[in-house]
Amino acid sequence: MRPSEETAPAVVVSRQPILDQCERIVGFELLTPAADDSREATATLLAHAFGDIGLPRLAGSRTVHVNVSRDFLLAARPLPLDPAGVVLEIEADQPADDVLLAVIREARNQGFRIALDHFRAETDALLDYADSVKLDVALMDEDAIDAAVNVARGLGLGVIAGGVESRDKYGFTRGLGVDFFQGQYFAEPVIVTGTSVPTYRFRALSMLAAGDATSFEQLERVISEDPGLSLKLVKLANSAFFGGRHRAGTIRQALMTLGSVAVRRWATMMVLAGVSDRPSHLLELGLLRARLCELVAARTPGAEAERGFTVGLFSVVDSLLGTRMPALLEDLPFDERTTLALGAHQGPEGRLLAGILAYESGDFDGCVQAGVSLVDIARAYGEALDWTDGALVQLTA
């Protein structure tokens, strides 16, 4: 490792998706790490997100939500952000004195939208200045959620259900007509009962996951059985993405151009991208995890980059295929190390996955407790975002 890499400061930004009722990602909350000084924590987050990584890499054209404290609003007025793409989340239950109201009015006059965080029905402070409210449904019972939604609806405000950790909470809030959703539930398996895993798709995944146990001829055969998959791989081999000088005329030539490792990786992602009855955010999440695991594994003693990619990608396959991870692992030809990494977060790649899951939720202490370098994840994050965007373009072409 070069000395400059050792001394370069870490840029730590974690985001959590906000989804609409069709489970499409419409925005991201930039998670502010816990700190004694809320002004410094928010300022550091924004400097990293907007200055170091850049908003297009973090969110594309989607809106970002930023939690801002009273102290930060007073210290940073007027806010040096583009209001078109930023929603300010302000704590609902706080004294609405003249000073705070004045700075919120300034922000609204700049064009910022305001979301009241941790909103409850009995909260009336700041409601006149809000565009939407966010409920922490993990801490509320159904009666409290219902009452808060009714108050917000009566005032014409949008409603975000935050802290959605279970299918029951998601189903209940969705039934109330909540507009947007956020929480760890959307990264957890969605189990479909009474429906078998698609035969071809699962068999293809089994072949592709077999690694060195699969010959080039077997790989060619399983890909050739799917005309759509074959077409996509030929297009990929002929694209500027790989910069090939000689265009492939056959499936075999395309596979040889890409190489067996790239073929297995891209074919796996394309098989998963073809699962049209699952929310698309899961594929995006899996790709980001895969690339992050791969990049950080390369800097983690004892971890293997290629295995890290596989572990990251397959961490969402249970959700995409609508089956439970233990059942999935029983039928996939993974060795013990990869199986333990996915099923129990054990071994170098398993601990790496656990650290990245903690990072996703903004639990930076949990990341460190998993034995994963927060600095390494932070440094790899921007590159992983760029790679994921490029991969999604190729997969949907």
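Just so it is clear, the structure is predicted and the values come from calculations on it, not from any experiment.

Summing up its helical and strand segments, the chain has 20 helices and eight strands in all. Across the 397 residues in the chain, those meeting the buried criterion constitute 52%. Considering only contacts within the chain whose residues lie at least 6 apart along the sequence, 65% involve residues at least 24 apart. Summing over all exposed atoms, the chain offers an accessible surface of approximately 17800 Å²; the carbon and sulfur share of this is 51%.

Two elements in contact, helix H12 (residues 260-273) and helix H13 (residues 280-297), have axes whose closest approach is 10 Å; the angle formed by their N-to-C orientations is 160°. Comparing their axes, H13 and H12 come out roughly antiparallel. Crossing geometry of H12 relative to H13 is assigned as right-handed. For the pair H12 and H13, the contacting residues are Arg265, Met269, Leu272 and Ala273 in the first and Leu283, Leu287 and Glu294 in the second. Class assignment of the residues belonging to the contact of H12 with H13 gives a composition of five nonpolar, no polar and two charged.

Taken as a whole and assessed by the stated rule, the structure comprises seven aromatic pairs. Ring geometry for Trp266 versus Trp387: centroids 6.5 Å apart, planes at 45°, classification tilted. Residue Trp266 is found in helix H12, and its partner Trp387 is found in helix H20 (residues 374-396); the two are separated by 121 residues along the sequence. A residue is classified by how much of its surface remains accessible, and Trp266, at 4% relative accessible area, is buried.

The subject of this paragraph is a negative patch on the surface. Where like charges cluster on the molecular surface, the negative patch consists of Asp141, Glu142, Asp143 and Asp168. By the element assignment, Glu142 lies in helix H6 (residues 142-154). We classify Glu142 as partly exposed; its relative accessible area is 44%.

Each value, and the rule that gives it
- Residues numbered from 1 in each chain as written.
- Predicted model: local features only at pLDDT ≥ 70, side-chain atom pairs only at ≥ 80, totals over all residues.
- Heavy atoms only, no water.
- Helix = DSSP H or I, 4+ residues; strand = E, 2+ residues; numbered from the N terminus.
- Buried < 20%, exposed > 50% of the residue type's maximum accessible area, 1.4 Å probe, protein only.
- Contact = heavy atoms within 4.5 Å.
- Areas by Shrake-Rupley, 256 points an atom, 1.4 Å probe, with all protein chains shown as cover.
- Axes fitted to C-alpha atoms, helices over the stretch in contact; angles between N-to-C directions.
- Parallel < 35°, antiparallel > 145°, perpendicular 65-115°, else oblique.
- Left-handed = near helix turned anticlockwise from the far one by under 90°.
- Nonpolar A, V, L, I, M, F, W, Y, C, P; charged D, E, K, R; others polar.
- Phe/Tyr/Trp six-rings, centres within 6.5 Å; stacked < 30°, edge-to-face > 60°.
- Patch = residues over 30% accessible without salt bridge, like charges linked within 9 Å, V, L, I, M, F, W, Y side chains within 5 Å.
- Salt bridge = Lys/Arg side-chain N within 4 Å of Asp/Glu carboxyl O.
- Lys, Arg positive; Asp, Glu negative; His and termini not counted.
- Charge placed at Lys NZ, Arg CZ, Asp CG, Glu CD.

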